[in-house]
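# Summary of the model geometry
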Amino acid sequence: MNILELQNLRKYFANQKAVDDISFQIKEGSIFGLLGPNGAGKTTLLRMITGIFYPDEGNIIFNGRKFDPINDIRYIGYMPEEKGLYKKMKIGEQALYLGRLKGLSKTEAMQKVKEWFEKFEMQSWWNKKVEDLSKGMQQKLQFVTTVLHEPKLIILDEPFSGLDPVNANLIKEEIYALAKKGCTIIFSTHRMGEVEEICDQIVLINKGKKILDGTVKEIKNQYKENIFQLGAETNALHLATFIFEVIRHQPEKLLLKLQHDATPNDVLKHFINQNIQVHSFNEVLPSLNEIFIKLVEGTPEARQFEKS
Amino acid sequence: MNKISLIIQREYITRVRNKTFLLSTFLLPIVMILFIFGSAFLAATSKDKLKKIAVINDPGFFSRNLKTDSTRVSFSFVNDVDSVNYGAKGYDAVLDLRNDPSVKQFVIHSAKQISGDTKDVIEKRLDNAYQDYSLQSRGIRKDILDSISKISSGAYSIDNRVKTEKGVSKKVNAEVNSLIGFLSGILIYITMFVFGAMVMRGVMEEKTNRIAEVMVSSVKPFELMMGKILGIAAVGLTQLALWAILMTLLSTISSAILSQQLLEQAGQLNQQLPAQGASAGFAGKMGELSTIMGSVNWLLVMGCFAFYFLGGYLFYASLFAAIGSVINEDPQEAQSLMLPITMPIIFGFIILSSNINTPDSTAMVWASMIPFTSPIVMMGRIPSGDVPWYELAGSMALLIGGFIFTTWMAGKIYRTGILMYGKKASWKEMFKWTFRKS
């Protein structure tokens, strides 16, 4: 079942088409990556899904029904890219306040905050103020306030920026755990490494339009270039063939690009016939980073991609 | 609705618990008292020092009639001084009385400019001298003139009694009424700025902290804005209530101490100078003060004060919130955007202070109707007690309508502004945000 369906969503601002005819579906319980360079329209899209903006055209179907921001908002947790908390407010009170604004009762909120604080070992922070926390600690608090009310749909915009690997892992584990419990997670980023690792399904948008949609595996297969890596000791004499082209030749490793009528077995046969020991042989799929750079290169926004 | 009350609670509690709230609650009355006494003190001491003026070329009658017994100016009729050497002779200025009698204008030479006050005093003295001279030249003796002027100055005073609706003639005092009106006008003026700026800073804080986006994914922007405005209104009312309690306490204590002293002094005076009846004088003065204070319709004044404080605050607070929502981190932007909001407030204050003694003048009546200035100006008219009920009702209705309009407009600007980063919104853009459909 799809928890969220976007149908031909459009949002135009005075001087730009921020979101221009985007449709996709997100399955319940999946981890979904929304990717795109800066200025692609990700934030606008997320603001429509969180009910902050109304779309100019198109429909949002949430949980099988038309999205109704006022009532559905309590099933959504949104952590924006620019993290924000009340600096002068005590941490415990802040978490309670934000939880109650999402519709939790006072006792519920208290219980949930305590659970999460325990999980993240934050109990001693209760009476501290946000301004006393490090950036990473603030990030953890922000994450807690986002998931406190047990939303069905959690939207995380760049959740790992500013986190050290230990804390990033902690939050990553929580994301997996939440997904396992049935939460759907939308994960917006421009760091491809994170996406490859975490996401089941991804959508790439650029300049307000969707340019890619599918699972990581599908997309990689779609953009594969028949490149294989072969581990074997070879010299130039062994490589005289029309089956493949050598892209990179190292003494113990070869990077090959197959001609399109050739199969991997042809390659193996070629080496086996020459009695060369093959230690390893595997297909090299393009990284998402490469695919995306290839897809959005040439557009002005493309330069703002960060390498994973 | 539940969410708004949560926001109100937060805004209220975080502010009231803050140390600056306590500090300002207890320091502001002290600062205000110091300000009032300080300015009174300055006004009293800034009077010019005694000016010694040499008078030359007297046509004949001035030396006899020009009175020199003043703390402001003293005249010396001399012959050896001219418009060049008066400084060396120890005079501040030299007044040359030689001229064509038809022109009636004299020249005064001085090293520094003569102040307007001093000029008035000199002119009045010259007029009096001329009047005395004219009366004498028609046969009235100088000693008779002197004795008349002694008994006639300050011989009568006026006690104004106004008929109330119940037909009872009531003693009023215009000065006291003006003072009460002026003070409550100032208080509204100050609190409008203080709490308006508080709203603006709160909105700016939410915007620059980027919490706004988290908040508007939970509540509607309008709820967020109204929660802040109402929460700060509650803070303002709390502060006013605390001030009222503080003032009552202070005045009770001080009057207790004062009256004790007065009684003692009066007793001593009675013993020392039984013939002069000093205690009766004191008692009379105290009694008069209490009847004057009693003549003020405190219920009306307090009620109107609360209404105009809230109404004026609500009228401007949403505008301040709108301004706060379009500002980025740069406080300089705030300055230029705030100007159109602060101007009418200052304008209202100027109208109040320049017309406080004529509460029924056209300027006051109009300014007390228009919601931009009415909270400040109407308070200057209320204590006089003769604002017709329909004017008061009209002013209140306009103010309520006004703040509904400003809140609606500000809500539209706020909704867009709070999520806009990077550039400052222009007036044109804000206007567009206001009138586009949602």
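Looking only at helices and strands, chain A has 10 helices and 14 strands in total. Dimensions of chain A, computed from C-alpha atoms along their principal axes, come out at roughly 75 × 45 × 35 Å. For chain A, buried positions account for 37% of its 308 residues. Restricting to contacts in chain A with at least 6 residues of sequence separation, those with at least 24 account for 70%.

What follows concerns the confidence of the model for chain B. Residues with a pLDDT of 70 or more make up 84% of chain B, whose mean pLDDT is 80. Of the two predicted TM-score estimates for the complex, the pTM is 0.75 and the ipTM is 0.77.

Moving on, we get to the sheet that holds strand β7 (residues 153-157) of chain A. All names here are of chain A. With mixed pairing, the 6 strands of this open sheet are ordered in space as β6-β7-β8-β3-β9-β10. For this open sheet the edge positions go to β6 (76-79) and β10 (209-215), each flanked by a neighbour on one side alone. Strand-to-strand, the axes of this sheet are offset by a mean angle of 15 degrees, without reference to chain direction. Where helix α1 (residues 42-49) meets the sheet, it contacts β3 (31-35), β7, β8 (184-189) and β9 (201-206), and its direction lies at approximately 155 degrees from that of β7. Seen against the sheet, helix α5 (residues 135-147) touches β6 and β7 and runs at an angle of roughly 160 degrees to β6.

For the rest of this paragraph, the subject is helix α6 (residues 174-208) of chain B. Given a rise of 1.5 Å per residue, 35 residues ought to cover 51 Å, and the 50 Å separating the end C-alpha atoms of α6 of chain B matches this to within 8%. Among the residues trailing α6 of chain B, Arg210 of chain B stands out with phi positive, at a value near 65 degrees.

Time to look at the interface of chain B and chain A. Interface extent is often summarised as the accessible area lost during association of the parts. Across the boundary between the two partners, chain B contributes 15 residues, which contact 19 residues of chain A. Elements that contribute at least two residues to the side of chain B that touches chain A include exactly α1 (2-16) and α7 (211-216) of chain B. Residue contributions to the side of chain B that touches chain A peak at 5 residues, all from α7 of chain B. Taken together, the residues that form the side of chain B that touches chain A break down as 7 nonpolar, 4 polar and 4 charged.

Here Leu299 of chain B lies in helix α10 (residues 298-326). Its 8 C-beta neighbours within 10 Å are what place Leu299 of chain B among the exposed residues.

Let us now look at the packing of α6 of chain B against helix α11 (residues 331-355) of chain B. Residues and elements named next belong to chain B. Across the interface, α6 lies against α11 with an axial gap of 11 Å and an inter-helix angle of 170 degrees. Considered as vectors, α6 and α11 are oriented roughly antiparallel to each other. Touching Phe182, Gly185, Tyr189, Met192 and Phe193 of α6 are Ile345, Phe349 and Leu352, all from α11. Here the residues of the contact of α6 with α11 sort into 7 nonpolar, 1 polar and no charged.

A few words now on helix α4 (residues 116-137) of chain B. Residues and elements named next belong to chain B. The end-to-end C-alpha distance of α4 is 31 Å, a good match for the 32 Å that 22 residues give at a rise of 1.5 Å each. Every buried residue of α4 is listed here: Thr118, Ile122 and Asp132. Here the buried residues of α4 occupy an arc of 90 degrees about the axis, which is enough to place them on one side. Projecting away from the buried face of α4 at angles above 90 degrees are the exposed residues Gly116, Asp117, Asp120, Glu123, Lys124, Asp127, Gln131 and Ser134. The inward-facing, buried residues of α4 abut β1 (51-56), α3 (62-65), β2 (73-77) and α5 (142-152). Looking at the residues trailing α4, positive phi occurs at Gly139, about 105 degrees.

The subject of this paragraph is the packing of α6 of chain B against helix α13 (residues 374-381) of chain B. Residue and element names in this part refer to chain B. Here α6 crosses α13 at 165 degrees, and the two axes come no closer than 7 Å. Classified by the interaxial angle, the pair formed by α6 and α13 is roughly antiparallel. The handedness of the crossing between α6 and α13 is right-handed. Contact with α6, carried on its side by Gly181, Phe182, Ser184, Gly185, Ile188, Tyr189 and Met192, involves Pro375, Ile376, Met379, Gly380 and Arg381 of α13 and no other residues of that element. Class assignment for the residues of the contact of α6 with α13 results in 7 nonpolar, 4 polar and 1 charged.

All names here are of chain A. Spatial strand order, β2-β1-β4-β5: 4 strands in an open sheet with antiparallel pairing. Of all the strands in the sheet, the pair left with one neighbour each is β2 (16-27) and β5 (65-66). Pairing analysis gives 2 bridges linking strand β4 (residues 57-62) to β5, with the strands arranged antiparallel. The residue of β5 that forms the bridge with Ile61 is Lys66.

What follows is about the pairing of β7 of chain A. Residue and element names in this part refer to chain A. In terms of burial, β7 is largely enclosed, as 5 of its 5 residues are buried. Of the two faces of β7, the one holding Leu153, Ile155 and Asp157 and the one holding Ile154 and Leu156 are both buried throughout. As paired strands, β6 and β7 are joined by 4 bridges and run parallel to one another. Among the inter-strand pairings, Gly77 is bridged to a residue of β7, identified as Ile154. Sheet topology note: the β7/β8 ladder contains 5 bridges and is parallel. Bridged to Leu156 within β8 is Phe187. Note on the crossover from β7 through helix α6 (residues 165-180) to β8: the handedness is right-handed.

Turning next to the pairing of β9 of chain A. All names here are of chain A. Along β9, 5 of the 6 residues are buried, which leaves the element largely enclosed by surrounding structure. Here β3 runs beside β9; their pairing, made up of 4 bridges, is parallel. From the neighbouring strand, Leu34 faces β9, where its bridge partner is Val203. Bridge count for β9 against β10 is 6 bridges, and the pairing is antiparallel. Opposite Ile202, over in β10, you have Gly214 as the bridge partner.

Each value, and the rule that gives it
Along every chain, residues carry numbers that run from 1 in the direction the sequence is written. The order in which chains are written sets their letters, starting at A; the order in which ligands are written sets their numbers, starting at 1. Local features in a predicted model are, by the rule used here, given only for residues with pLDDT of at least 70; side-chain atom pairs are given and counted only at 80 or more, and totals for whole chains, interfaces and linings are based on all residues. Comment: elements are numbered from the N terminus, with helices defined as DSSP H or I runs of at least four residues and strands as E runs of at least two. Counting other C-beta atoms within 10 Å of its own, a residue is labelled buried from 20 upward, exposed at 12 or fewer, and partly exposed in the gap between, with every C-beta atom placed from the backbone. Here, residues touch in the contact sense if the C-beta positions derived from the backbone fall within 7 Å of one another. Confidence of the predictor at the level of single residues is captured by pLDDT, which takes values from 0 to 100. Note: two strands are recorded as paired if DSSP finds a minimum of 2 bridges between them. Axis definition: a line fitted to C-alpha atoms, limited for helices to the stretch in contact. Angles are taken between N-to-C directions and run from 0 to 180 degrees. Between the first and last residue of a helix there are one fewer steps than residues, each counted as 1.5 Å, and that sum is the expected span. Put simply, Ala, Val, Leu, Ile, Met, Phe, Trp, Tyr, Cys and Pro go in the nonpolar bin, Asp, Glu, Lys and Arg in the charged bin, and everything else, Gly too, in the polar bin. The labels follow the angle: roughly parallel below 35 degrees, roughly antiparallel above 145, roughly perpendicular from 65 to 115, and oblique for the rest. By definition, the arc is the one covered by directions from the helix axis to the C-beta atoms. For any helix crossing, the convention is left-handed if the near helix is rotated counterclockwise from the far helix by under a right angle, and right-handed if that rotation is clockwise. Note on handedness: a clockwise path from strand one over the helix to strand two, with the strands aimed away from the viewer, defines a right-handed crossover.

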